Structure formats: C-alpha cells, structure tokens
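A look at the structure
Residue strings, one per chain:
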Amino acid sequence: MQNPERIEKHLDDGEFAKALACLGKTTCGGGKARTFFLKGEALRGLGLFAEAVREYALARKGSKGDRALELEALLGEARCCRALGNEKAAVESAKKALVLSKKLGIAAEDAELEWALALRLVGRLAEAARLLEKLLRGYRKARDCGGAAFTLWALGGLYRLQGRYAEGISAFEEALKFANKDKDEAASGYALFGLGGILRVAGFMGRALDCYVRARKLFAGTDDAFAKAYAECGTANVLRQLGRLEDAYAGYTRAHKLYSGLSDWADLGFVEWGMGEIKKKNGDFTSALAHYRKAASLFKGRSEPRGEALTLLSLSALYYLMGQTAQAERQHDTAMKFIRSHGLHTHLETFT
C-alpha cells in the first residue's frame, strides 16, 4: 500500500506529476476518500482545475463522517471553481466550507480567506477587502509569512480592480517579501505575476517585464503548467505594449497551447484578445475580429468582467477602423454600460 506521507511530501515539494503517478497505482492509507482528495490536490497543482473538482467532489461524498476531510475537499473545490471563473460553484463551496469550519472550530483562516476570494470573484470588492485586511492583521500578528504573502497577493489583485495602483503595487511588493522570507518559490512567483501585471497597466513596462522574466525562471523546472502559461501570456502583454509585436504574438501562441491543454477558457480569452490587438495594430482587421469574437465567447459566464470590457472596447474601436461608425458607437455605449454596472475603470486604462 502506498505511503500517504510520501505522496503528501511530493505535493509539498511541488512534485505534482510524481504524486499523481503514485496515486494512480493504488488506494493510499486513509481509504478511497483520502485518495480522491490527494488526487485533487495533485491535479490542482498541475493546473487541471476541472479534473481536480471532480476528485474533490468524490472525496467529499466519500468522507463518511470525516468532517475534517470534507472541509479540506470543500476548500479545494472552491479554489478550483474560482480559478475556472465558476461564480456559483465557488461561492457555494466557499460558503459551505466557512460554515463547516466554524462548526468544527478548525481551519478558520483558510475558510475565511476562501470566502473573501469568492466575494472578490463576484465583485463584492468592499466586503472582500475588509475581510482580507482583517486576516492580514492576524497573519502579521502571528508572524505567519505564508498567510501574509497570500493575503497580500489577493489584496493586490483587488486594489488593481479598484484602480488603486499605488496600493496594489505596494501589496504585491510586500507579498513578495513575505514569500521570500517563507522560502516559498511558488508564492514568490505568483507575487511577481501580480506585481508585473499591475506595473504593466500602470505604465512601468521595464519593471513589469523584469517581474515576468524572474517569475518564468522560478516556474521553469516545476509541474505548474498554469504558471507557465501565465508567464507566457503576461510577457506577451508587455512585449505587445513595447511594440515587439512579432515576439508578443509568438508568446501568445505558446500561451494558447498551454491554456487549451488546461481547459482554462477564461485565461485563454485574454490570449485571444491580445492576439486580436496585435492583428488590429498590423491592419489585419478580419483576423482581429475573429480573435475578439473568440475572446468574447470565452469570457462569457466565467466571472471575467474586465476581460469582457476589454473585448467590448476593442470591438468598438475595430468597427470604427473598419468604417462602421454607427455600429462602433453602439458597441462603445454597450461597453460603457457594462463597465459602469460592474464598477470597473477599464475604459480609463491607457496601458493595457
């Protein structure tokens, strides 16, 4: 029988493919439900979120009174559904996890953190910020570097959505310091992704590119395909804005292949949008339109209002370039109504 401690060490070390290979051979100690849960963890680490959700659901259903395992599985489900942009399922799992955590008196911070991220996902930004800031105070007091790093990363993304760039940059920089102090390379990499993204939209292209280059190195030898795809897309965004269109398109092509393999349709939408931007700049309006339409389809219903807003704005500009002024005006009006209904500032982003 496979040693569950060995599998968990593989997971802790980021060796997700090895963990999955071990789990594929046998049921580990703790029974089938525990095996399903560990498979979910391995698949999530590999970026295969949809497959992981199925394993977590099996673990939860098979837990048979093991409420702690049920809670772990609910948190795993919430994380994956959030990554997939599935609002309803993410909120439902996070809420159930929060209730169960309070009932059991365990994993309070993890459950509250996931609930805060679910609130952020559905646009309840003020509520999410208050909860994240409260959690951060607790992590600081407890000198929990890992918890502080993750919470600051979440706050950085939230501040970016609110257009609070200075505060967002500060949050990501502090997240990176805590992650480095915790010697957590994955957390450092994701802090760099967040920092690179917000520096880019704030207009600091050189610093943004440096962040993506550093993050790419951290994930190069890992099993995290999602992070590798993210690095390709983020770097391509910066290169596009620097005018290095051929290099950017090649990066988007690599990201497209990786995200497609992960069935990560929301992030694939950003890749399609970026490809459309390059085709538009090159005067290939027909190809640009095709990319934008694919992006719109991929964003729809996946909790990516900023992606939808970008696509609507790009379509309005493209229609105008194509001489379809009336359609361009209608599209722009639609974009502005959508943006304001979601409390976004996408229309004011100069560097995107």
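A brief report on the enclosed structure follows.

Helix and strand content of the protein: 18 helices and zero strands. The globule rule puts the C-alpha radius of gyration for 352 residues at 20 Å, and the 21 Å found for the protein is close to it. Once the C-alpha set of the protein is aligned to its principal axes, its extents read approximately 65 × 40 × 35 Å. Taken over 352 residues, the protein has a buried fraction of 50%. In the protein, of all internal contacts separated by at least 6 residues, the share reaching a separation of at least 24 is 56%. For the protein, the accessible area works out to roughly 16,300 Å², and carbon and sulfur atoms hold 52% of it. Here the protein contributes 54 positive and 43 negative side-chain charges, whose respective centroids are spaced 2 Å apart.

Counting through the fold element by element, Tyr-259 comes out in helix α14 (residues 245–262). Judged by its relative accessible area of 1%, Tyr-259 falls in the buried class. Distance from Tyr-259 to Gly-47, taken between C-alpha atoms, is 9.2 Å for residues 212 residues apart in sequence. Ignoring any residue separated from it by four or fewer positions in sequence, one finds Tyr-259 in contact with Phe-226, Ala-229, Tyr-230, Cys-233, Asp-264, Asp-267, Leu-268 and Val-271.

On to the packing of aromatic side chains. Tallied over the full model, the rule gives twelve aromatic pairs. Here the aromatic rings of Tyr-190 and Phe-193 are separated by 5.6 Å at their centres, their planes lie at 80°, and the arrangement is edge-to-face. Here Tyr-190 pairs with Phe-193, and both are found in helix α11 (residues 185–201), just three residues apart, close to one helical turn. Phe-193 gets classed as buried once you look at its relative accessible area, which sits at 1%. The ring of Trp-153 carries Arg-120 above its face, with NZ or CZ at 5.6 Å from the centroid.

Before going further, it helps to spend a moment on the layout of surface pockets. Taken as a whole, the second largest pocket encloses approximately 380 Å³ of empty space. What lines the second largest pocket is a set of 19 residues, among which Trp-273, Glu-277, Glu-349, Thr-350 and Thr-352 lie closest to the centre. Counting only elements with at least two residues in the lining of the second largest pocket, the list comes to α13 (225–241), α15 (265–281), α17 (305–321) and α18 (325–341). Looking at the lining of the second largest pocket residue by residue, the classes come out as seven nonpolar, seven polar and five charged.

As a further point, take the packing of helix α12 (residues 205–219) against α13. With their axes 9 Å apart at the nearest point, α12 and α13 run at an angle of 160° to one another. As the angle between them shows, α12 and α13 are arranged roughly antiparallel. Crossing geometry of α12 relative to α13 is assigned as left-handed. Within the contact between the two elements, α12 uses Met-205, Ala-208, Leu-209, Tyr-212, Arg-216 and Phe-219 and α13 uses Ala-227, Lys-228, Ala-231, Glu-232, Gly-234, Thr-235, Val-238, Leu-239 and Gln-241.

Right, let's talk about helix α9 (residues 145–161) for a bit. Here α9 is 17 residues long and its end C-alpha atoms lie 25 Å apart, about the 24 Å a rise of 1.5 Å per residue gives. Within α9, twelve of the 17 residues are buried, leaving the element largely enclosed by the surrounding structure. Burial in α9 covers these residues: Cys-145, Gly-147, Ala-148, Ala-149, Thr-151, Leu-152, Ala-154, Leu-155, Gly-156, Gly-157, Leu-158 and Tyr-159. For α9, the capping residue at the N-terminal end is Asp-144, with a side-chain oxygen 3.2 Å from the backbone nitrogen of Gly-146. Two residues or fewer past α9, Gly-163 is found with a positive phi of approximately 80°.

For helix α4 (residues 49–61), built from 13 residues, the straight-helix expectation of 18 Å at 1.5 Å per residue is met to within 8% by its first-to-last C-alpha distance of 18 Å. Along α4, the positions that sit buried rather than exposed are Phe-49, Ala-52, Val-53, Glu-55, Tyr-56, Ala-57 and Ala-59. Of the surrounding secondary structure, the elements contacted by the buried residues of α4 are α3 (31–45), α5 (67–83) and α13.

This part takes up the side chain of His-291. Among the structural elements, His-291 can be located in helix α16 (residues 285–299). His-291 gets classed as buried once you look at its relative accessible area, which sits at 11%. Not counting residues up to four positions away in its chain, the partners in contact with His-291 are Tyr-249, Glu-272, Met-275, Gly-276 and Lys-279.

Here the focus is unusual backbone geometry. Residues other than glycine seldom take positive phi values, yet Arg-143 does so here, at roughly 55°. Here the phi dihedral of Ser-303 falls at roughly 55°; this positive angle occurs in a residue that is not glycine. Examined against the element boundaries, Ser-303 turns out to sit in the loop between α16 and α17. Residue class for Ser-303 comes out buried when judged on its relative accessible area of 14%.

What counts, and at which threshold
Residues numbered from 1 in each chain as written. Predicted model: local features only at pLDDT ≥ 70, side-chain atom pairs only at ≥ 80, totals over all residues. Heavy atoms only, no water. Helix = DSSP H or I, 4+ residues; strand = E, 2+ residues; numbered from the N terminus. Rg over C-alpha atoms; globule rule 2.2 N^0.38 Å. Buried < 20%, exposed > 50% of the residue type's maximum accessible area, 1.4 Å probe, protein only. Contact = heavy atoms within 4.5 Å. Areas by Shrake-Rupley, 256 points an atom, 1.4 Å probe, with all protein chains shown as cover. Lys, Arg positive; Asp, Glu negative; His and termini not counted. Charge placed at Lys NZ, Arg CZ, Asp CG, Glu CD. Phe/Tyr/Trp six-rings, centres within 6.5 Å; stacked < 30°, edge-to-face > 60°. Lys NZ or Arg CZ within 6 Å of the ring centre and 35° of its normal. 1 Å grid on protein atoms, 1.4 Å probe; cavity = no way out; pocket = protein on both sides within 12 Å on 5 of 7 lines; lining within 4 Å. Points joined across faces, edges and corners; volume = space filled by probe spheres on them. Nonpolar A, V, L, I, M, F, W, Y, C, P; charged D, E, K, R; others polar. Axes fitted to C-alpha atoms, helices over the stretch in contact; angles between N-to-C directions. Parallel < 35°, antiparallel > 145°, perpendicular 65-115°, else oblique. Left-handed = near helix turned anticlockwise from the far one by under 90°. Expected span 1.5 Å × (residues − 1). Polar contact = N/O pair within 3.5 Å; in protein donor to acceptor, adjacent residues only side chain to side chain.

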